[in-house]
Amino acid sequence: MHEAPSHGAEIPSHGVGAPLRDLRVLDLATLFAGPLAATMLGDFGAEVIKVEHPHKPDPSRGHGPSKDGVGLWWKLLGRNKRTVTLDLSSPQGREVLLRLAADADVVIENFRPGTLERWGLGWDALSEANPRLVLARVTGFGQRGPYAQRPGFGTLAEAMSGFAAVTGEPDGPPTLPPFGLADSIAALSTAYAVMTALAGRAHTGRGQVVDMAIIEPMLTVLGPQPLWYDQLGYVQPRTGNRSANNAPRNTYRTADGRWVAVSTSAQSVAERVLRLVGRPEFLDEPWFATGAGRAEHAAELDEAVGGWIARHTRDEVVSAFEDAQAAVAPVYDVRDVMADPQYRALDSITSVEDDELGPVKMQNVLFRLSETPGAIRWAGRRHGADTDAVLGGLGLSEEEIAALREAGVVR
């Protein structure tokens, strides 16, 4: 485990059972996929050192709503990270980064391809400083190809992957998600890729480069569309909330003005739903025997199911579906999520003590491990809060750190 004294508020230590407690990760990335991948590693014990420009902090600190001038998104994205400032484009900053990399396991960056190389911090330099290092490079379009130098954001991946084309109503425009979907999926993929590369290192003794293009993980989660097109020439259309593979599958408004979602991916569930809503005659139709057949009659099934749901309150609908062992879920907004007993039982939204805002609620770690669970040790810290401690841990004297500060290399 890498230990160093904290600067400012006291930092809790890694739990003895934290499975990644022996990893040191340098997070050089911004907005959002790279930093979120580092957060996921930190949640399970990795020591994550967030490196930010001394005068241009990670934009997530100012992204979205704030309270008392404190960015709230950063409190989530920056959790379990020690924060240092360093101008990587300066010769002094380069030398400090190489010293940090020499004792690190992972570097995560999302600069445009060639930027690290221009600063003398490309793979050759980093691997020379530490042959066991894993370098995760997260960009919109990857490290090669005709689009590699384009600026890339999750929105572009949501458009280019085919996600937007299949999302929305049939007669409406392609629809983008109102949150960072592609970035989040790329973050999950990057964390997985990093752990895979580290597993490879255990066999070879050498690190390697992870080339993560944000446009690619979205293709995987969209399912067999390329296969369908390759073999059948089939292009999936926009179907709104309906599915081409089963019905009834939609959102339905209840008598008290709320909404529920119904899914009938399993044939037995579809049969239970139609019995519940008092329309068992549909079960005798030949087309009802398959999901694709039911999907061709989605309008009839929606009318039957939606009509019954419209006569009952949301609580009545959910209770009746549960009694019938049919699949239903209320359509929540964040207020419902915060109050839901299942989320409470799982501690999905947990409280974290923060030295700026006091107790704050945020999503808990991504999954539960029975023997080596993860933990949120602290929320996102102030810009550069740990600069002196981390550089001191490298052996730099107070005078040397002061000189770097005077030169604008650190803040």
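Residues numbered from 1 in each chain as written. Predicted model: local features only at pLDDT ≥ 70, side-chain atom pairs only at ≥ 80, totals over all residues. Heavy atoms only, no water.

A. Quick peek at the overall build of the protein. Counting secondary structure elements, the protein contains 17 helices and 13 strands. Seen along its three principal axes, the alpha-carbon backbone of the protein occupies a region of about 85 × 50 × 40 Å. Within the span of the protein, comprising 411 residues, buried residues form 45% of the whole. Once local pairs closer than 6 in sequence are excluded, the contacts in the protein between residues at least 24 apart make up 68%. Roughly 20,500 Å² of accessible area belongs to the protein as shown, and the carbon and sulfur atoms make up 53% of that amount. Treating the 40 positive side-chain charges of the protein as one cloud and the 52 negative ones as another, the clouds have centres 1 Å apart. (Helix = DSSP H or I, 4+ residues; strand = E, 2+ residues; numbered from the N terminus. Buried < 20%, exposed > 50% of the residue type's maximum accessible area, 1.4 Å probe, protein only. Contact = heavy atoms within 4.5 Å. Areas by Shrake-Rupley, 256 points an atom, 1.4 Å probe, with all protein chains shown as cover. Lys, Arg positive; Asp, Glu negative; His and termini not counted. Charge placed at Lys NZ, Arg CZ, Asp CG, Glu CD.)

B. Quick look at helix 1 (residues 33-43). Of all 11 residues in helix 1, 10 are buried; the element is thus mostly enclosed. When helix 1 is considered as a whole, its buried residues turn out to be A33, G34, P35, A37, A38, T39, M40, L41, G42 and D43. Of the residues trailing helix 1, G45 is marked for its positive phi of about 105°.

C. The packing of helix 1 against helix 7 (residues 181-204), seen in detail. In contact at an axis separation of 8 Å, helix 1 and helix 7 are set at 50° when each is read in the N-to-C sense. Classified by the interaxial angle, the pair formed by helix 1 and helix 7 is oblique. In the packing of helix 1 onto helix 7, the handedness of the crossing is right-handed. For the pair formed by helix 1 and helix 7, the contact residues are A33, L36, A37, M40 and L41 on the first element and D183, S184, A186, A187, L188, T190, A191, V194 and M195 on the second. When the residues that make up the contact of helix 1 with helix 7 are grouped by side-chain class, the tally is 11 nonpolar, two polar and one charged. (Axes fitted to C-alpha atoms, helices over the stretch in contact; angles between N-to-C directions. Parallel < 35°, antiparallel > 145°, perpendicular 65-115°, else oblique. Left-handed = near helix turned anticlockwise from the far one by under 90°. Nonpolar A, V, L, I, M, F, W, Y, C, P; charged D, E, K, R; others polar.)

D. Region of interest: the pairing of strand 12 (residues 349-354). Here strand 12 shows a clear split, with T350, V352 and D354 buried on one side and none of I349, S351 and E353 buried on the other. The pairing of strand 12 with strand 13 (residues 358-363) spans six bridges and is classified as antiparallel. Looking across to strand 13, one finds that V352 is bridged to V360. The turn linking strand 12 back onto strand 13 is made up of three residues. (Pairing = 2+ DSSP bridges.)

So yeah, pure geometry; function would need other evidence.
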